[in-house]
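Each chain, letter by letter, is given below.
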Amino acid sequence: MADAKVIPFGEEPRARRTARRPVNGTAVPLTPVPEARTGGPSRPAQPAARGGRSLDDRLAGGLRFLRRRLTGEYEVDDFGYDEELTDQVLMSLLRPLAEKYFRVDVRGVENIPADGGALVVANHSGTLPLDGLMLQAAVHEHHPADRHLRLLAADLVFVLPVVSALARKAGHTLACAEDAQRLLERGEIVGVMPEGFKGIGKPFADRYKLQRFGRGGFVSTALRAGAPIVPCSIVGAEEIYPMIGNARTLARVLGLPYFPLTPTFPWLGPVGALPLPTKWTIQFGEPIATDGYPPEAADDPMLMFNLTDQVRETIQHTLYKLLVQRRSVFF
């Protein structure tokens, strides 16, 4: 792991592939996604990273995109994933947050397979699930094979207005074994954060201490699909909203798993809801193969316990190592 490749957001841009998809029986060319992964101090200004496309070309591409959205000439899969909208709009919104605000360093992204299904298992923290979005952006922007991450999300995400629709469009789906297995068997990269609300809503005093990983259901799913498990450690998210208290009564009234109290929220109103600009590192570990086990292994509780513990210990050990290497929370 000491030789893991470090790729700050904005470095080594690669051209997006141009795809053709059938729409109403006719092949419609998709507009290539403009390259906008700038942000390193030595990189040129953003327009230069777009391959020299003129303003007229970009305007024409934007108008074609709008026409397709208005006429319905675009595709979504059976989970609701809209790849074109994700590439051209949602990732464009997340990119500045990753590059400029959190200044995310991505390490070991090449450990995610170039093809076929894989399960990325990461720690969860930060009071609000921004770490999941930054994880998705890290894979989308930096994987050499141009892969996309499909996150498994909690039930709460899919009952919130607006958030539910955007989550589906971005490729997120319900955190259940059936959906995860279908995606893995289709060759998708699936992301899961087994700590759930226990991890994201833990007090600041317990930062970077992994919570329980459930009953190991993610291991069983990976075994059934024969997909490798890629441990992932995220440093920096714990400090964006230091949770010093939990208004449990108010949380029950609002139907939330917790209601965070931080040094700035709710005391400063909307301003207090802004995350602190911490410096992030996302490190992907070496994959753990599962395709060598027999089919009945997915029902072996001892094997699931051992593999779950192996993944958890790998993530925890990497977190400690990254924290030792970190010189500052913000720089």
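Residues numbered from 1 in each chain as written. Predicted model: local features only at pLDDT ≥ 70, side-chain atom pairs only at ≥ 80, totals over all residues. Heavy atoms only, no water.

In the annotation of an unreviewed UniProt entry, the protein is listed under the name Acyltransferase family protein and assigned to Streptomyces benahoarensis.

Novice: Can you break down the side chain of Asp131 residue by residue, with the values?
Specialist: With respect to the helices and strands, Asp131 occurs in helix H3 (residues 130–142). Looking at Asp131, its side chain comes within polar contact range of the side chain of His124, at 2.9 Å. For Asp131, the contacting residues outside a window of four places in its chain are Asn123, His124, Ser125, Met193, Ile234, Ala237 and Trp280. (Helix = DSSP H or I, 4+ residues; strand = E, 2+ residues; numbered from the N terminus. Polar contact = N/O pair within 3.5 Å; in protein donor to acceptor, adjacent residues only side chain to side chain. Contact = heavy atoms within 4.5 Å.)

Novice: Lay out the environment of Asn306 in plain terms, naming residues and giving numbers.
Specialist: Residue position: Asn306 is located in helix H9 (residues 301–325). The class for Asn306 is partly exposed, based on a relative accessible area of 41%. In sequence terms Asn306 and Gly216 are 90 residues apart; their C-alpha atoms lie 9.3 Å from each other. (Buried < 20%, exposed > 50% of the residue type's maximum accessible area, 1.4 Å probe, protein only.)

Novice: Kindly report on the pairing of strand S5 (residues 118–122), identifying the contributing residues and their values.
Specialist: Most of S5 sits inside the fold, with five of its five residues counted as buried. Every second residue of S5 is oriented toward a common face, with Ala118, Val120 and Ala122 on one face and Leu119 and Val121 on the other, all of them buried. Sheet analysis places S5 next to strand S8 (residues 189–192), joined by four bridges and oriented parallel. From the neighbouring strand, Val121 faces S8, where its bridge partner is Val192. Where S5 and strand S9 (residues 229–235) come together, four bridges link them in parallel fashion. Following the sheet pairing, Val121 is matched in S9 by Pro231. (Pairing = 2+ DSSP bridges.)

Novice: Can you explain the packing of helix H1 (residues 55–71) against helix H2 (residues 83–101)? Please cite residues and give values.
Specialist: Any two packed helices are characterised by how steeply their axes cross, that is the angle between the axes, and by the distance between the axes. The interhelical angle for the contact between H1 and H2, taken along N-to-C directions, is 140°, at an axis separation of 12 Å. In terms of their interaxial angle, H1 and H2 are classed as oblique. The handedness of the crossing between H1 and H2 comes out as left-handed. Together, Phe65, Arg68 and Arg69 of H1 and Glu84, Leu85, Gln88 and Val89 of H2 make up the contact between the two elements. Split into classes, the residues belonging to the contact of H1 with H2 amount to three nonpolar, one polar and three charged. (Axes fitted to C-alpha atoms, helices over the stretch in contact; angles between N-to-C directions. Parallel < 35°, antiparallel > 145°, perpendicular 65-115°, else oblique. Left-handed = near helix turned anticlockwise from the far one by under 90°. Nonpolar A, V, L, I, M, F, W, Y, C, P; charged D, E, K, R; others polar.)

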